[in-house]
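# Overview (structure and organization)
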Amino acid sequence: MKRTLGTCYYPEHWDEAIWAQDAARMVELGLTWVRIGEFAWSRIEPAPGTFDWGWLDRAMDVLGNAGLRVVLGTPTATPPRWVADKYPDMFALDAEGRVRGFGSRRHYCFSHEGYRAECARIVEAVAERYGAHPALAAWQTDNEYGCHDTTISYSPAAREAFQGWLRGQYPGAGNDGDIGALNRAWGNVFWSMEYDSFEQIGLPNLTVTEPNPSHALAFRRFSSDQVVSFNALQCEIIRRYSDAPISHNYMGRITDFDHFAVGEDMEIATWDSYPLGFLEDRVGASVDVQRAFSKQGDPDFQAFHHDLYRAVGKGRWWVMEQQPGPVNWAPHNPAPLPGMVRLWTWEAFAHGAEAVCYFRWRQAPFAQEQLHAGLLRPDSAEAAGMAEARSVAQELAEAPDVGGAQAPVALIFDYDADAAWAVQPQGNGADGAGLSYFALVFDFYRALRRLGLSVDIVSPETRDFAGYRLILAPGMMHMDEGLKTALSAGSAKVLVGPRGACKTFDMAIPVPLPPALPGLDAEVSYVETLRGDCPIALENGGSFVHWRDAMEGSARVLERDANGAPAVMQGGVWRYVAGWPDAEAVLRIVWDACTDAGVEVEPMPGALRRRETGSEVFWFNYAAEEVHHEGRIFGPASVTRDTL
Amino acid sequence: MKRTLGTCYYPEHWDEAIWAQDAARMVELGLTWVRIGEFAWSRIEPAPGTFDWGWLDRAMDVLGNAGLRVVLGTPTATPPRWVADKYPDMFALDAEGRVRGFGSRRHYCFSHEGYRAECARIVEAVAERYGAHPALAAWQTDNEYGCHDTTISYSPAAREAFQGWLRGQYPGAGNDGDIGALNRAWGNVFWSMEYDSFEQIGLPNLTVTEPNPSHALAFRRFSSDQVVSFNALQCEIIRRYSDAPISHNYMGRITDFDHFAVGEDMEIATWDSYPLGFLEDRVGASVDVQRAFSKQGDPDFQAFHHDLYRAVGKGRWWVMEQQPGPVNWAPHNPAPLPGMVRLWTWEAFAHGAEAVCYFRWRQAPFAQEQLHAGLLRPDSAEAAGMAEARSVAQELAEAPDVGGAQAPVALIFDYDADAAWAVQPQGNGADGAGLSYFALVFDFYRALRRLGLSVDIVSPETRDFAGYRLILAPGMMHMDEGLKTALSAGSAKVLVGPRGACKTFDMAIPVPLPPALPGLDAEVSYVETLRGDCPIALENGGSFVHWRDAMEGSARVLERDANGAPAVMQGGVWRYVAGWPDAEAVLRIVWDACTDAGVEVEPMPGALRRRETGSEVFWFNYAAEEVHHEGRIFGPASVTRDTL
Amino acid sequence: MKRTLGTCYYPEHWDEAIWAQDAARMVELGLTWVRIGEFAWSRIEPAPGTFDWGWLDRAMDVLGNAGLRVVLGTPTATPPRWVADKYPDMFALDAEGRVRGFGSRRHYCFSHEGYRAECARIVEAVAERYGAHPALAAWQTDNEYGCHDTTISYSPAAREAFQGWLRGQYPGAGNDGDIGALNRAWGNVFWSMEYDSFEQIGLPNLTVTEPNPSHALAFRRFSSDQVVSFNALQCEIIRRYSDAPISHNYMGRITDFDHFAVGEDMEIATWDSYPLGFLEDRVGASVDVQRAFSKQGDPDFQAFHHDLYRAVGKGRWWVMEQQPGPVNWAPHNPAPLPGMVRLWTWEAFAHGAEAVCYFRWRQAPFAQEQLHAGLLRPDSAEAAGMAEARSVAQELAEAPDVGGAQAPVALIFDYDADAAWAVQPQGNGADGAGLSYFALVFDFYRALRRLGLSVDIVSPETRDFAGYRLILAPGMMHMDEGLKTALSAGSAKVLVGPRGACKTFDMAIPVPLPPALPGLDAEVSYVETLRGDCPIALENGGSFVHWRDAMEGSARVLERDANGAPAVMQGGVWRYVAGWPDAEAVLRIVWDACTDAGVEVEPMPGALRRRETGSEVFWFNYAAEEVHHEGRIFGPASVTRDTL
Ligand SMILES: [Zn+2]
Ligand SMILES: [Zn+2]
Ligand SMILES: [Zn+2]
């Protein structure tokens, strides 16, 4: 595989007279890809049924003639005003019942049938027009599903679609569902919540106290499925007109739809990587980490998503938008430390990216993102990120083709578990928000990175774990019997817990009590959630925070807490972690698991990180200071690449 | 009186095949009572007018035949979906105008006439069916009035009922009220808020700035009266069919309806005691107290409610729901320290409870409370609390019958004063919320407990204070002339203030200025509220926090602040505290008042607490460590009972 | 000019029998002015078209006959209930879409045509009745525009008016606007936000993510213009019947309408000065300042507004409401330190006030403000502030007539810049709210005060800066070319930045890049916003916080940051500050600018402040302790007046 670079470009934002020069500068910089079109609906179809193809035809030609390969986006994330006028009820409603209206982007409800039809029409028009264009090299559907909290809508359209979806989940005779089956599955006898028909089922918002977690989880699953089918509809249409690969640009830490399921329908997964913005608004790092990495980004957050989207893309993945300077939308928007744009780019390639595209070519002087840096300033002079992109382009030109390589460790990331934690957090974290599955998994991932390991993230649908020595599946609240069996039968060691396998598919406590894993005689007798100032010390150091599973059973106890209660138990292939370990504890627990599994570790000093591919070893120093490791010195914000 | 135990059971949640075994295990454990039915409307009346009595008949028989006595709940806290479909406007609206809909519980507005009729119908059906059943031993109306902030509704039904209620408060000729009287009473000339008719009066939410406090207070009183009449309606119906005592299970720190007024219509008051959940979500204790008592609960909060509900029940009271392990609904849900379930149970008996029932028999594996512990686990094995319940049952079996005893100190708790503080806090506490009457009274109560005293809480309607040496009435903003007279004429000393008698019934400042108490030449010239970091030091130690009354007058000054202003003044039977004393100050001020009144104190070390009845002295150590007191050692989480 | 005192009086609140005595006591106290009527609509017109003039006629006569001069308010801030019944849609809607209804005050939307007609009618009736009354000496329109966040309304009326306003901003052929011009000006091609017609334009609330800042800024400007035209309508009517000067009583830190534009239509500007309430709820001072000045008020906040409203009033200004004791509406409401009522009064006169009126004469015992102190208590005894008012009256009686004097330093305050910062804060401050223009300007103003300087605040429309040596215009995001030219051509030095001249009128980034000031070769290449814990140290001490402009260009660098980047640059008349300086840095930067401009400074110790007029020098010590300065001792909470 040849590694390549690209950028995001908006010909409709600029005088047509400078398009050719822009294209030439892109090529001169060493870019391969240019993504266009994903917000241009009002220019493609300025009035219902009236298309203006001329400008886009010329843009495709100019870019293609310059030697660039075009990724064309479907413009469905930004329906024009006239679409909204046609379907006044197409908007999502938030949990408080407020309309999320026109005036920015992503102003649609995934469940609105009228809007879906409108999307099918515009996608077909675009696909038909450009499916065979010589510059057309790939597709992008929509833009950043779920961004701005747009997966879940509490609209009437969503309610009706949810009822229909539930009929399918609890099928009965004929076209209707079996409402009794739903009532039993959800335990609706509790508090007399039983329904007589599917028409009576509402959305789980604006209830007096918390809704039934089974109800809430079903709504999360439904909402995820709506994204899947919305995207599948676009893919099916595009394929009628084009053989080019289809992708979507996912975001960071969006967990409310199943990216694996969406990714099934496409050839490539891409994501939009904004290390500084994300550190401020979603990583969830401590204040100390936020301060220390304010201009570098979290040392593990991008890597996690690279590994995640490699799995979502079934091996093929890109960074579709890479932050090249300060952004505009985070609580604080500092400039990157010199070197970081290059570092971020190489970190993506180290994790197997096919391409990294910078967002955006030229900073827009108008509208919402006018303070979002580009490779060029608004006056077309070079911005600071440009030189670093140029460096990478030159380095890539001299680098060999590369292939992939399996990591020794797999981490299961389960979107459904994230939903389960969200609907039943059973307590708050330090910030008052409910305990988060993502945060738990990321703590384990960070420990693996601190041990110098390369990691494959895998889907919970995985059944073939050949080649892995250790599998981590922390916090996976429901475990399919097929998965339990596959893991039990494998040769890898498996780390699970806390809350391991603690729920049925319908969000009830199973009897016999969890985790009920073959070969592990251990059960969770009760659980407790902990105040931030009441951690439970572990005898070997560190603590359990937030959560504890109180264990019984005859399985071997590997660690105990200071009260003598089991903290880690072992049996069969399984290692059950009976609480949420803090940073000290998680490092030791993962290290021990590695040792037991025969996985060699190389603990990293400071913010140095390591990633090994089949042919290269990369070292990334995220710190603003140099770091020493095994006789070598790694400069601040530096990339070191050893060829094997 | 024989002290007894019980539990809360939901036959409709379990296979009928295990009912008999459950009943037998309850009896074996030593339980007397089993509460059932309070959420079972959808099973009793699955469709409008279609009743399914079979299962409940059998459940009553099985439980009764095992020797248990049944407390039967009316199911009106959980109307089924079909009721909500019949009355789509039956829901409460919150202060922001959002519907609080179906999907959990307590989804009704107390003012909705259609829902009231529906309640009357189901209550009559249940009362008629089981009023004479041999197992039926007591009734419970509805469940936890006010829980989940459900007393106050801003619905159209509430508005119309409020207007009618106001006509009664300001009666005029014929059926209409005297709108001029209301305008004068409220001072509506201010800001041209005068009404021409009662139809114009809205609810005091969604105003541009704060509403008239007279308006807001009237709405609070109305909302309280709606609970009273809703409950009275159920009692009146039940009494037609049954002689068994009627109770309601109140909650902790619900202050927005007058429990004394609701209690007037019933024989027994009960409450639901969740010491760990409450410490996290409503006690209002400092972070230090929350951390230290995370697994024990606040040392005084349960005692306060025991004393309060003894008064509400006119001497007869129970704990209807006692936490037996971790709960599911608080911000953090730790497990109790070993010994605490026993301690909590005995503390209730020490305050005169007739019965303590554990919530619930078996942990439900489904729906909202699936992580709420029971005496049994979901797999029917014994949970941790079971053994402690068994200990108490055995101790009770050997304990004598007991009677009541009057305490030397009375504390007036005035729900109307709580409303007055809420509508006119005149400043914020450290948490940004308005200053709270409950918090003030609880500070005084805690001081009494720290002095080793037993306390009687009494209603503001009390006029006969015979037997008390000292009466505390802190923060009582309006004092009826009858009460002033009764107290002045009594032999007990009376502590009042801050904000003592500072308002007329209609929430205006009286002239002559307050407190205007017979025999006390003192008046409040102005008031001030204080930043948390600007306490006013007192010359004898401690400070006034939050609030200060600036005093004038010739009454004797017992204490001054560091600026020389009066802090405590005395005259006649009265002792006026001119500010909100911090923990150090309140202990001294109460101690001095005790000394003056001839009440002997016994200061408690640490979290040791003492309660004296006519025949026993109890010692409760809420600490996780042992404590020494007068040559004795009290173990952690221990109960010590001395028979007099 | 003779300096005078007054008070605010509500004859409708009191028994007519005491009016004469009240008036006599006012005169005895030494008051000149009495403001009445501004909330009395329901008494003037109790029913539609039915006027009750009798009581107001008598009140005017009683007050006038006592020798007082009446300021008569139009009652439009408090429409009676019957007005609201006539126009059920007259209320403002908040940004969440909730109606801000009847029950307090300011319950109207400025854009509602029906309510405007109603206002015109009542204003005309009052003006006609009293325009020639001998006691009538001045008018006040409405009351505290913008108070309680009432400038901006998201109502349907506002939407329709906004569309009309936009047609005027982007005029086209005939009566319609040019929607293409608007689309181009706003950059609506971004995210396909293009409109086909003005009818499609909504208000910038409830969008999925942030709205276009051009859209948001236009709505802010529109909302401001609505206040201007609402007020102008009243002035135009009053002038038909009266020659008396017209005023409005503005509030503290209301920045969402252009007070200069409103002030253009009136003879006098007044404001309502509540130093203790404002310190708690809007100054934005540090917790240390809030604690230290809890009973004195911020040492600079009142002065700032005195200087601001002197400009708004084109030289003529009053304090219409002066806090005389504790208020009722702030988060904490302490009593002023003895001496502060006198100090606040004299500070106003030191800044050129013609009159200071105390709010209010007698404390109201009823309704919303019953805990707001007056000069009299509710029982008509003297409250604490009365004696201090009497002192000032006596001092004034002995003081000479005074004139005005130009200060050496001018500070431009630009309401439009405040709107621009609000719609594009590009990051949060420590409190999580967006960065605030007012806060930035106030930091510079405070530095000028700490340097002992008197300051003139001037409008951004100013073109003649004769007489000033130094002009400060920090944070002025858009600078009109006329202003740039006038300043460049003047003899004064000018300090600008950060964000200086960084936007076009329509809120886009100009090319060439900003600030593009004649004579200053410097441009902002990019900007960054900073975490609170990531300040950028300056080489001369102090730091940039919140904001940094990354500068390029050949202009002289006066200061650098610790990374060597330019912090202050100079060229022509200009001095560009490339970041938000903290307290240490702003003092030095302003001091240096003063030195350069030949402005002599006299640094103040502690909370001592100095104000020089043409004939007097005043010293105000805001501290609770005495302070030493140049051999003199200034007592706590003291005023010292030196006659020149
Ligand atoms: Zn993006
Ligand atoms: Zn309960
Ligand atoms: Zn005012």
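Predicted, not measured: the structure shown is a model, and the values here were computed from it.

The helix and strand inventory of chain A stands at 18 helices and 26 strands. By the compact-globule yardstick of 26 Å for 644 residues, chain A fits well, its C-alpha radius of gyration being 25 Å. Principal axes of the C-alpha set define a box for chain A whose edges measure 75 × 70 × 40 Å. Burial status across chain A gives 67% buried among its 644 residues. Within chain A, residue pairs in contact and separated by at least 24 positions form 70% of the contacts whose partners lie at least 6 positions apart. As displayed, chain A has an accessible area near 19,800 Å², and 51% of this comes from carbon and sulfur atoms.

Attention now moves to the relation of the copies chain C and chain B. Rotating chain C by 120° and moving it 0.0 Å along the rotation axis overlays it on chain B with an RMSD of 0.0 Å. Both copies of the chain, as the preceding transformation shows, are related through a three-fold rotation axis.

Let's shift gears to the packing of aromatic side chains. Applying the stated criterion to the full structure yields 154 aromatic pairs over all chains. Here A:Phe219 and A:Phe222 contribute two aromatic rings whose centre-to-centre distance is 5.9 Å and whose plane-to-plane angle is 25°, an arrangement assigned as stacked. You can see A:Phe219 and its partner A:Phe222 sitting in helix 8 (residues 213-241), three residues apart, about one turn around the helix. Ring centres 5.1 Å apart and planes at 75° place the aromatic pair B:Tyr108 and B:Phe110 in the edge-to-face group. Here B:Tyr108 falls in the buried class, since its relative accessible area comes to 1%. In this structure, B:Arg81 packs its charged tip against the face of B:Phe102, placed 4.8 Å from the ring centre. The ring of C:Trp14 is capped by C:Arg362, whose NZ or CZ atom sits 4.4 Å from the centre of that ring.

Looking now at the UniProt feature "domain: Glycoside hydrolase family 42 N-terminal" (unreviewed entry) in chain A. Following the UniProt record, the feature "domain: Glycoside hydrolase family 42 N-terminal" (unreviewed entry) maps to residues 8-398 of chain A here. Segment residues 8-398 of chain A splits into 40% helix and 10% strand. End C-alpha atoms: 24 Å apart.

All right, on to the interface of chain B and chain A then. Counting from both sides, the interface comprises 54 residues of chain B and, opposite them, 44 residues of chain A. For the pair chain B and chain A, the summed buried surface comes to about 4,200 Å²; carbon and sulfur atoms form 54% of the total. Broken down residue by residue, the surface that chain B buries against chain A is led by B:Gln368, B:Leu371 and B:Arg377, which jointly contribute 16%. Linking chain B to chain A there are seven salt bridges. The interface formed by chain B and chain A holds 27 residue pairs in polar contact (both at pLDDT 80 or more) in total. Elements represented by at least two residues in the side of chain B that touches chain A include exactly helix 2 (41-44), helix 4 (81-86), strand 5 (99-100) and helix 11 (287-292) of chain B. Here the side of chain B that touches chain A is built from residues that sort into 22 nonpolar, 17 polar and 15 charged.

Residue and element names in this part refer to chain B. The strand order 22-23-26 describes an open sheet built from three strands, whose pairing is antiparallel. Taken across any chain shown, the strands that pair with only one partner, and hence form the sheet edges, are strand 22 (608-612) and strand 26 (638-643). Sheet twist, expressed as the average angle between the axes of neighbouring strands with direction ignored, equals 15°.

Once that is clear, we can look at the interface of chain C and chain B. Tallying the contact residues gives 54 residues for chain C and 44 residues for chain B. Both faces combined, the contact of chain C with chain B buries some 4,200 Å², and carbon together with sulfur accounts for 54% of it. Sorting the residues of chain C by area buried against chain B places C:Gln368, C:Leu371 and C:Arg377 first, and these three jointly supply 16% of that buried surface. Here chain C and chain B share seven salt bridges between them. Put simply, C:Glu280 and B:Arg531 hold a salt bridge, and the shortest N to O gap is 3.0 Å. Taken together, the connections running from chain C to chain B amount to 27 residue pairs in polar contact (both at pLDDT 80 or more). Broken down by secondary-structure element, the contributors of at least two residues to the side of chain C that touches chain B are helix 2 (41-44), helix 4 (81-86), strand 5 (99-100) and helix 11 (287-292) of chain C.

Pairs can form between side chains of opposite charge once their charged atoms are near each other. All names here are of chain B. For the coordinates displayed, the defined rule picks out 159 salt bridges over all chains. The closest approach of N and O atoms between Glu118 and Lys86, which form a salt bridge, is 3.2 Å. On the criterion of sequence distance, the pair formed by Glu118 in helix 5 (residues 113-130) and Lys86 in helix 4 is long-range, its members being 32 residues apart. For Glu118, a relative accessible area of 2% translates into the label buried.

Turning our attention to the domain arrangement of chain A. Residue and element names in this part refer to chain A. Taken domain by domain, chain A consists of domain 1 (4-147 + 217-398), domain 2 (156-216) and domain 3 (409-597). When each unit is reduced to the centre of its C-alpha atoms, the spacing between domain 2 and domain 3 is 31 Å. If you look at the interface, domain 2 gives six residues, while domain 3 gives five residues. Between domain 2 and domain 3, roughly 450 Å² of surface is buried when both sides are summed, and carbon and sulfur atoms account for 50% of that area. Taken together, the links from domain 2 to domain 3 amount to zero salt bridges. In terms of residue count, helix 8 provides more of the side of domain 2 that touches domain 3 than any other element does, three residues in total. Looking at the side of domain 2 that touches domain 3 residue by residue, the classes come out as four nonpolar, two polar and no charged.

Right, let's talk about the coordination of the zinc ion (ligand 2) for a bit. Residues and elements named next belong to chain B. Around the zinc ion (ligand 2), the protein supplies Glu144 (OE) and Glu321 (OE) as donor atoms, at distances of 2.2 to 2.3 Å. In this pair, Glu144 sits in the loop between strand 6 (136-140) and helix 6 (156-169) while Glu321 sits in strand 9 (residues 317-322), placing the two residues 177 residues apart along the sequence. Among the residues examined, Glu321 registers a relative accessible area of 3% and is labelled buried.

Residues and elements named next belong to chain B. For helix 12 (residues 301-312), built from twelve residues, the straight-helix expectation of 16 Å at 1.5 Å per residue is met to within 8% by its first-to-last C-alpha distance of 16 Å. With eleven of twelve residues buried, helix 12 is to be regarded as a mostly interior element. Phe301, Gln302, Ala303, Phe304, His305, His306, Asp307, Leu308, Tyr309, Arg310 and Val312 are the residues of helix 12 that are buried. Positive phi shows up at Lys314, right after helix 12, with a value of about 50°.

What follows is about the pairing of strand 11 (residues 409-412) of chain A. Residues and elements named next belong to chain A. Burial along strand 11 is two-sided: Val409 and Leu411 facing one way and Ala410 and Ile412 facing the other are all buried. In terms of strand pairing, strand 11 meets strand 13 (residues 470-473) through three bridges, oriented parallel. Residue pairing for strand 13: Leu411 is matched across the bridge by Leu472.

Residue and element names in this part refer to chain B. Burial along strand 10 (residues 355-358) is two-sided: the residues Ala355 and Cys357 and Val356 and Tyr358 are all buried. In terms of strand pairing, strand 9 meets strand 10 through three bridges, oriented parallel. Note on strand 10: the bridge partner recorded for Trp318 is Ala355. In this fold, strand 9 hands off to helix 13 (residues 340-350), which returns the chain to strand 10; that crossover is right-handed.

Bringing the side chain of C:Arg611 into the picture now. Residue and element names in this part refer to chain C. Note that Arg611 resides in strand 22 (residues 608-612). Side-chain polar atoms of Arg611 contact the backbone oxygen of Val455, separated by 3.4 Å. In contact with Arg611, not counting residues within four places along its chain, are Asp307, Arg310, Ala350, His351, Ser454, Val455, Glu616, Val617, Phe618 and Phe620.

About the cut-offs
- Residues numbered from 1 in each chain as written.
- Chains lettered and ligands numbered in written order.
- Predicted model: local features only at pLDDT ≥ 70, side-chain atom pairs only at ≥ 80, totals over all residues.
- Heavy atoms only, no water.
- Helix = DSSP H or I, 4+ residues; strand = E, 2+ residues; numbered from the N terminus.
- Rg over C-alpha atoms; globule rule 2.2 N^0.38 Å.
- Buried < 20%, exposed > 50% of the residue type's maximum accessible area, 1.4 Å probe, protein only.
- Contact = heavy atoms within 4.5 Å.
- Areas by Shrake-Rupley, 256 points an atom, 1.4 Å probe, with all protein chains shown as cover.
- Least-squares fit on C-alpha atoms with pLDDT ≥ 70 in both.
- Phe/Tyr/Trp six-rings, centres within 6.5 Å; stacked < 30°, edge-to-face > 60°.
- Lys NZ or Arg CZ within 6 Å of the ring centre and 35° of its normal.
- UniProt positions renumbered as here; feature names shortened; annotations may be inferred.
- Buried area = accessible area lost by both parts, 1.4 Å probe.
- Salt bridge = Lys/Arg side-chain N within 4 Å of Asp/Glu carboxyl O.
- Polar contact = N/O pair within 3.5 Å; in protein donor to acceptor, adjacent residues only side chain to side chain.
- Nonpolar A, V, L, I, M, F, W, Y, C, P; charged D, E, K, R; others polar.
- Pairing = 2+ DSSP bridges.
- Axes fitted to C-alpha atoms, helices over the stretch in contact; angles between N-to-C directions.
- Domains from an automatic or database assignment.
- Donors = N, O, S within 2.8 Å, 3.2 Å for Na, K, Ca; no water.
- Expected span 1.5 Å × (residues − 1).
- Right-handed = clockwise from strand over helix to strand, strands pointing away.

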